[in-house]
Amino acid sequence: MESNDLRKAGLKITLPRVKILEILSSAKPRHMSAEDIYKRLLESHEDIGLATVYRVLTQFEAAGLVARHHFDGVTAMFELNEGSHHDHMVCLACGRVEEFMVAGIEEKQMAIAAKYDFEIQDHSMILYGRCARCRTLASNAKDQVRVRR
Ligand SMILES: [Zn+2]
Ligand SMILES: [Zn+2]
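Small disclaimer: the values here were computed from a predicted structure and weren't measured.

Turning our attention to the nonpolar core. Core analysis: the largest hydrophobic core is formed by 21 residues, its most contacted members being Ile-20, Leu-24, Ile-37, Val-53, Leu-57, Val-66 and Phe-78. Sequence-distant contacts of Ile-37, that is, excluding residues within four places in its chain, are made with Ile-20, Ile-23, Met-32 and Val-53.

Take a look at the structure:
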């Protein structure tokens, strides 16, 4: 993604738009909140306010450049829309987001919709749980408690 994509999306090239697009393009993790992006801008000494970040993200979303998710039901998380559908797994302990795509699940959803004569426009599937790292940390903590006794 680069400035060219802004033009293609019908958006004028402005510094905040270019910078935010850059951050989202190289984002690790891929899913970021407006605050996360704002912090990155501060780190690179860009004078772009949080309100501008929100405004640009909303414009990007309207232009189809980014997708918005609410993994915790509250915080808006943004990711670059690279055109390929995927679903998400969210760790409730550390917030880590994993992406997955299973053709069989997608087909099943289409089949269910067809059965109910329902036209799908969009879907969002989020699995909630604990990632391997957090489970290891939790079991290590338990071991330490046991040792102390
Ligand atoms: Zn975790
Ligand atoms: Zn994603």
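Turning our attention to the sheet that holds strand β2 (residues 66-69). By way of backbone hydrogen bonds, the strands of a sheet pair with one another, either parallel or antiparallel. The sheet built from three strands is open, its strands ordered β1-β3-β2 with antiparallel pairing. Edge positions in the sheet fall to β1 (32-33) and β2, since each has one partner strand and no second.

The strand order across the open sheet built from three strands is β5-β4-β6, with neighbouring strands paired in mixed fashion. Strands with a single pairing partner mark the edges of an open sheet, and in this sheet they are β5 (97-100) and β6 (126-129). Ignoring strand direction, the axes of neighbouring strands in this sheet form an average angle of 20°. Of the strand pairs in this sheet, strand β4 (residues 87-91) and β5 are connected by four bridges, and their pairing is antiparallel. Counterpart to Val-90 in the pairing with β5 is Val-97.

So, about the domain arrangement of the protein. In terms of domains, the protein is made up of domain 1 (1-83) and domain 2 (84-149). Here the C-alpha centroids of domain 1 and domain 2 sit 24 Å apart. In this complex, domain 1 contributes six residues to the contact, which on the side of domain 2 involves five residues.

Parameters at a glance
- Residues numbered from 1 in each chain as written.
- Chains lettered and ligands numbered in written order.
- Predicted model: local features only at pLDDT ≥ 70, side-chain atom pairs only at ≥ 80, totals over all residues.
- Core = buried A, V, L, I, M, F, W, Y, C linked by C-beta atoms within 7 Å.
- Buried ≥ 20, exposed ≤ 12 C-beta atoms within 10 Å, placed from the backbone.
- Contact = placed C-beta atoms within 7 Å.
- Pairing = 2+ DSSP bridges.
- Helix = DSSP H or I, 4+ residues; strand = E, 2+ residues; numbered from the N terminus.
- Axes fitted to C-alpha atoms, helices over the stretch in contact; angles between N-to-C directions.
- Domains from an automatic or database assignment.

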